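Overview (structure and organization)
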Amino acid sequence: IDADALAKLSDEALAAISTKAVAGLTTEQIEALEPDQIALLTRAQFSALKADQIAALGEDQIAALTDEQVGALSAVQVKALSTDQIEAFEPGQIAALGTKALAGMTADQLGALGEDQVEALTDVQVRVLSATQIGAIDADALAKLSDEALAAIGTKAVAGLTTEQIEALAPD
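Structure report, in brief. (Residues numbered from 1 in each chain as written. Predicted model: local features only at pLDDT ≥ 70, side-chain atom pairs only at ≥ 80, totals over all residues. Heavy atoms only, no water.)

**Quick word on the nonpolar core**
- Membership of the largest hydrophobic core comes to 44 residues, with the highest contact counts inside it found for F46, L73, F89, L97 and V126.
- Those elements that place two or more of their residues in this core are α11 (83–88), α13 (99–103) and α18 (139–142).
- Sequence-distant contacts of F89, defined by excluding residues within four places in its chain, comprise I62, L65, V70, L73, L81, I94 and Q117. (Core = buried A, V, L, I, M, F, W, Y, C linked by side-chain atoms within 4.5 Å. Buried < 20%, exposed > 50% of the residue type's maximum accessible area, 1.4 Å probe, protein only. Helix = DSSP H or I, 4+ residues; strand = E, 2+ residues; numbered from the N terminus. Contact = heavy atoms within 4.5 Å.)

The following block contains the structure:
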């Protein structure tokens, strides 16, 4: 099926596509899907997407992802995301990321998170971040973490804090 025809599928037809068929979609076909069509993919269908398919998602498609889809992202899928794609995530979507997926984020990806996105991180999520990952987060953004999330920075991860981050966390 060509990309244009795929983009014209009804909601019911899209939901009926097997996970094997979804995994076989080309990046061109993925790019042709409307954001609302991407949002209709089931958790199983979305989990079946390969890294190159995830990398083909546009920023508008990323913004349309449901919390369930975001929660289904694997570490491999997350690593395939560009920093522009990471920036397209809404704060609520960031909060929906699973800990394994978050632990798989690169330093560049974490450095691309904005203040609102970092503020959305939960203590459970922060607990899995490494020293390198913690050190990559923008200092002003890190200062937006809740007290619970700050307290969850692991003892090994604390070593990754930069001078600028420590200064941003100091009380005024």
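On we go.
**Here's the deal with the environment of A15**
- As for its position among the elements, A15 is in helix α2 (residues 11–15).
- We classify A15 as partly exposed; its relative accessible area is 44%.
- The sequence separation of A15 and V70 amounts to 55 residues, and the corresponding C-alpha distance is 18 Å.

**A look at the pattern of salt bridges**
- This structure, assessed with the given rule, holds two salt bridges.
- Between K144 and E115 there is a salt bridge, and its shortest N-O distance comes to 3.9 Å. Placement of K144 in the loop between α18 and α19 (147–151) and of E115 in helix α15 (residues 115–119) is noted, with a sequence separation of 29 residues between them.
- Where R127 meets D123, a salt bridge forms, and the shortest distance between an N and an O atom there is 3.8 Å. Taken as a pair, R127 and D123 lie in helix α16 (residues 123–127) at a separation of four residues, close to a single helical turn.
- Given the relative accessible area of 48%, R127 is considered partly exposed.
- Taking the relative accessible area as the measure of exposure, D123 reaches 28% and is therefore partly exposed. (Salt bridge = Lys/Arg side-chain N within 4 Å of Asp/Glu carboxyl O.)

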